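Coordinate inspection notes
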Amino acid sequence: SDSSQAGFSPEQQQYLQGFYAGCEAIRSSNGLPTFAATLGISSGSAPADNCPADARSAHSAAQDQALAAGKKLTPEEQAKRTKDPFQMWDEIAANASAGKFPKGTDIFLYKYHGLFFVAPAQDSFMCRLRFAGGMTNSHQLRGVADLAEQFGGGYVDATTRSNLQIREIKAEHALEIINGLIDLGIVSRGSGADNIRNITATPTAGIDPLELYDVRPLCREMHHYILQHPEMYGLPRKFNIAFDGGGTISALADTNDIGFFAVRVPDGRSQPAGVYFRLELGGITGHGDFARDAGVLLKAEQCIPVAAAILKVFLREGDRTDRKKARLKYVLERFGHAGFLAEVERLLLQPLVKMPVSDCEPRVVPNPLAHFGAHPQRQAGLNYVGVVFPVGRIQVDQLRGLAAIAQRYGSGTIRLTVWQNLLISDIPTANLPAVEEAIRQLGLTTSVTNVRAGLVACTGNAGCRFAASNTKLHAKQVAEYLEQRLELDQPVNIHLTGCHHSCAQHYIGDIGLLATKVSRGEEMVEGYHVFVGGGYGNNREIGRQIATSIPAAEIPPLLERLLLTFLGNRAGDEETFRE
Ligand code: SF4
């Protein structure tokens, strides 16, 4: 009835009625609440969008357009056009049994399966996994530890997308890793190359006393939407999506291509009071940009179909001829935010509700220390404990130990964070001392100095061919040096990233270090450009560069001087480094 009032054609109305009826029937048969008919959109594919339903057709349609305009496809687009990465299983199997790594553009296509050949940094594969919203459990982590021990380097890296990576996998073990993960209920499909990366979320979803909305079901639905829609693997470039429930720990939603974050609308606004989601678009901090509020207010059940429609516009309009311009940000610049939203609404056959963000209540200010140590949950008598992964790396015995602790003292639930650490949840208060002791016995800790609390490092040149410096090693050196010489009474985020891809998001750190090679006499040594003043969320700010090409050995004393200058000159104890 609403669709007729909205001026849809009879054909569109007929389509919509059938579409809604089908969706409602499926949801109801699965025991899920039905969508409000007045929303005019539903989970599943967006209607009448003419989007090809498989990755190769989606690629080809967009590539054909570029070719028809006389443009040259990038080598990656050419590779996708020549070979379907998901039809390569037999080839991957044959290479594995012959102990061979991929060559040429096949290296890129392997990443569709989560397999990264990382030579020359390491003559091996790295395998990146997927955990919807960073949620996992004891069983899975025990299994990941076993795989990393048997087929990898005996350790696991935590990433800044609430994810894990197994490294040092020999060519002959590629299939054992992938199949072993599937046995554990973990997928690696689409975790690399031009795909939608791990869906991230507030790690305290469902347990945070301050959160507005438990985003776990939305993450799971988005995760499965991607897995079940082949055209989602036809994107021109990688794509990041995050859900922030508005609680104590930030999901860094504004650093994503799409950020959904929960807000409360008070009484007296154009929409009924309640909890909704804001839509932010176009974040790519490596290119110096945060996602911007799109001026749209969404109900929770609208988030997935709106994300699908955005992805389909991106799929069609993203640049296939220039990798540097292939991200969503550049489509937004070409269309303008309003023009882009009009394309999204056209796919949805429904206008989105517009409301300025200033009409919503401001987000709770995140606590930068809430992902370390013990904190009470919203469930009375239960707590979560944040465990530190030193610069994001953990040995397999430690991982098994954490899995055992979660199972013995908690519910077995483990939550990975975008800060390269993890939370064990659902621990009764009486068990907290035993949990702290068990973590200590593993050689790990739940407390950090204010230097280590916000210390983030990407893989660096010990495992990534793009890196100009050994970021993880230098992060450790920076922490050890500073901890011996000064005491910070507030956390200062230090982010070390190995190249312009900015996996460790140097632009949003209080202090950001971007690796570079520095000339010293006849030699080239590892070093960094130095940025200060970055922030995220309510304090979003792109850091500004204050020093260029500093050798790595000179970084710790430089940061010491910087921090001592801050401590000696701030207006009061409350003034932050960024201020
Ligand atoms: Fe590799 Fe660059 Fe990402 Fe670091 S930022 S992990 S060097 S791609």
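Our subject is the structure that appears above.
As a starting point, this report considers the structure included with it. In this text, all values refer to a predicted model and were calculated from it rather than measured experimentally.

Moving on, we get to the overall build of the chain. Each helix and strand counted, the chain has 15 helices and 21 strands in total. Relative to a compact globule of 579 residues, whose C-alpha radius of gyration would be 25 Å, the chain shows 24 Å and is just as compact. For the chain, the spread of C-alpha atoms along the three principal axes comes to 75 × 60 × 50 Å. Burial statistics for the chain: of 579 residues in total, 59% are counted as buried. Nonlocal contacts in the chain, meaning residues at least 24 apart in sequence, comprise 67% of its contacts between residues at least 6 apart. When the accessible surface of the chain is totalled, it reaches about 22,800 Å², and 50% of it is carbon and sulfur. Each charge class in the chain was averaged separately, 57 positive and 61 negative side chains, and the resulting centres sit 4 Å apart.

Turning our eyes to something else, we now look at the site of the ligand. Surrounding the ligand, one finds C458, T459, C464, F466, A467, T497, G498, C499, H501, S502 and C503. For the shell around the ligand, the class distribution of residues is six nonpolar, five polar and no charged.

At their nearest, the axes of helix α14 (residues 471–485) and helix α15 (residues 555–569) sit 9 Å apart, and the two run at 45 degrees to each other. The angle between the axes of α14 and α15 places the two elements in the oblique class. Our pair here, α14 against α15, has a crossing hand that is right-handed. Contact residues: α14 offers V478, Y481, L482 and R485, while α15 offers I555, P556, P557, L559, E560 and L563. Grouping the constituent residues of the contact of α14 with α15 by class yields eight nonpolar, no polar and two charged.

Glancing now at the packing of aromatic side chains. The final tally for this structure, using the stated rule, is 13 aromatic pairs. With a centroid separation of 5.1 Å and 85 degrees between ring planes, the pair formed by F86 and Y233 is classed as edge-to-face. With a gap of 147 residues between them, F86 in the loop between α4 (75–82) and α5 (89–97) and Y233 in the loop between α9 (216–228) and β7 (241–244) connect regions that are remote in the sequence. Geometrically, the ring pair formed by F117 and F125 is edge-to-face, given 6.2 Å between the ring centres and 65 degrees between the ring planes. When its relative accessible area of 15% is taken as the criterion, F117 is described as buried. A network of ring pairs unites the aromatic residues F86, F108, Y112 and Y233 as a single cluster. Cation over ring: R189 sits above F86, and NZ or CZ is 3.8 Å from the ring centre. One cation-aromatic arrangement involves R485 over Y481; the distance from NZ or CZ to the ring centre is 3.6 Å.

Quick look at the environment of G381 now. With respect to the helices and strands, G381 occurs in the loop between β12 (373–376) and β13 (382–387). G381 sits in the partly exposed class, given a relative accessible area of 46%. Along the primary structure G381 and D426 are separated by 45 residues, whereas in three dimensions their C-alpha atoms are 8.8 Å apart. In this structure, G381 is in contact with I427, P428 and T429, ignoring residues within four places of it in sequence.

Our next topic: the sheet that holds strand β3 (residues 135–137). Strand order in this open sheet of five strands is β3-β15-β16-β13-β12, and the pairing throughout is antiparallel. Edge positions in the sheet fall to β3 and β12, since each of these pairs with one other strand and no more. Strand-to-strand, the axes of this sheet are offset by a mean angle of 30 degrees, without reference to chain direction. Alignment of β13 against strand β16 (residues 422–428), held across five bridges, turns out to be antiparallel. Bridge assignment links N383 to a residue of β16, and that residue is I427.

Let's shift gears to the sheet that holds strand β17 (residues 455–457). If you walk across this open sheet you meet the five strands as β17-β18-β19-β20-β21, and the pairing is mixed. Of all the strands in the sheet, the pair left with one neighbour each is β17 and β21 (544–551). Taken over all neighbouring pairs, the strand axes of this sheet differ in orientation by 25 degrees on average, direction set aside. Pairing geometry for β17 and strand β18 (residues 494–497), over three bridges, is parallel. Bridge assignment links L455 to a residue of β18, and that residue is I494. Against the sheet, α14 makes contact with β17, β18 and β20 (523–532), and its axis sits at roughly 155 degrees relative to β18, the strand it touches most. In this fold α15 packs onto β18, β19 (511–520), β20 and β21, with an angle of close to 140 degrees to the strand it touches most, β19.

With an omega of 10 degrees, the peptide bond running from A119 to P120 counts as cis. Tracing the sequence through the fold places P120 in the loop between β1 (115–117) and β2 (125–128). Here the phi dihedral of L252 falls at roughly 55 degrees; this positive angle occurs in a residue that is not glycine. Relative to the helices and strands, L252 resides in the loop between β7 and β8 (258–265).

For helix α11 (residues 328–348), with 21 residues, the first-to-last C-alpha span of 19 Å runs short of the 30 Å given by 1.5 Å per residue. Residue G336 marks the point of greatest curvature in α11, where the axis turns by about 100 degrees. For α11, the complete set of buried residues consists of L328, K329, Y330, V331, L332, F340, L341, E343, V344, E345, L347 and L348. Looking at the buried positions of α11, the neighbouring elements they touch are β9 (274–281), β10 (292–298), α10 (303–317) and β11 (353–354).

Among the eight residues in β8, seven count as buried, and that is most of the element. With four bridges connecting them, β7 and β8 associate as parallel partners. Residue I241 lies in a different strand from β8, and its bridge partner there is I258. Where β8 meets β9, eight bridges bridge the pair, whose relative direction is antiparallel. Its bridge partner being in β9, A262 is matched across the sheet by F277.

In terms of nonpolar packing, the biggest core is built from 106 residues, with F243 and L279 touching the most fellow members. Residue contributions to this core peak at 11 residues, all from α10. V391, A475, L482 and L558 belong to the second largest nonpolar core, which has 29 residues in total.

About the thresholds
- Residues numbered from 1 in each chain as written.
- Predicted model: local features only at pLDDT ≥ 70, side-chain atom pairs only at ≥ 80, totals over all residues.
- Heavy atoms only, no water.
- Helix = DSSP H or I, 4+ residues; strand = E, 2+ residues; numbered from the N terminus.
- Rg over C-alpha atoms; globule rule 2.2 N^0.38 Å.
- Buried < 20%, exposed > 50% of the residue type's maximum accessible area, 1.4 Å probe, protein only.
- Contact = heavy atoms within 4.5 Å.
- Areas by Shrake-Rupley, 256 points an atom, 1.4 Å probe, with all protein chains shown as cover.
- Lys, Arg positive; Asp, Glu negative; His and termini not counted.
- Charge placed at Lys NZ, Arg CZ, Asp CG, Glu CD.
- Near = heavy atom within 4 Å.
- Nonpolar A, V, L, I, M, F, W, Y, C, P; charged D, E, K, R; others polar.
- Axes fitted to C-alpha atoms, helices over the stretch in contact; angles between N-to-C directions.
- Parallel < 35°, antiparallel > 145°, perpendicular 65-115°, else oblique.
- Left-handed = near helix turned anticlockwise from the far one by under 90°.
- Phe/Tyr/Trp six-rings, centres within 6.5 Å; stacked < 30°, edge-to-face > 60°.
- Lys NZ or Arg CZ within 6 Å of the ring centre and 35° of its normal.
- Pairing = 2+ DSSP bridges.
- Expected span 1.5 Å × (residues − 1).
- Bend = angle between axes of the 7 residues up to and from the residue.
- Core = buried A, V, L, I, M, F, W, Y, C linked by side-chain atoms within 4.5 Å.

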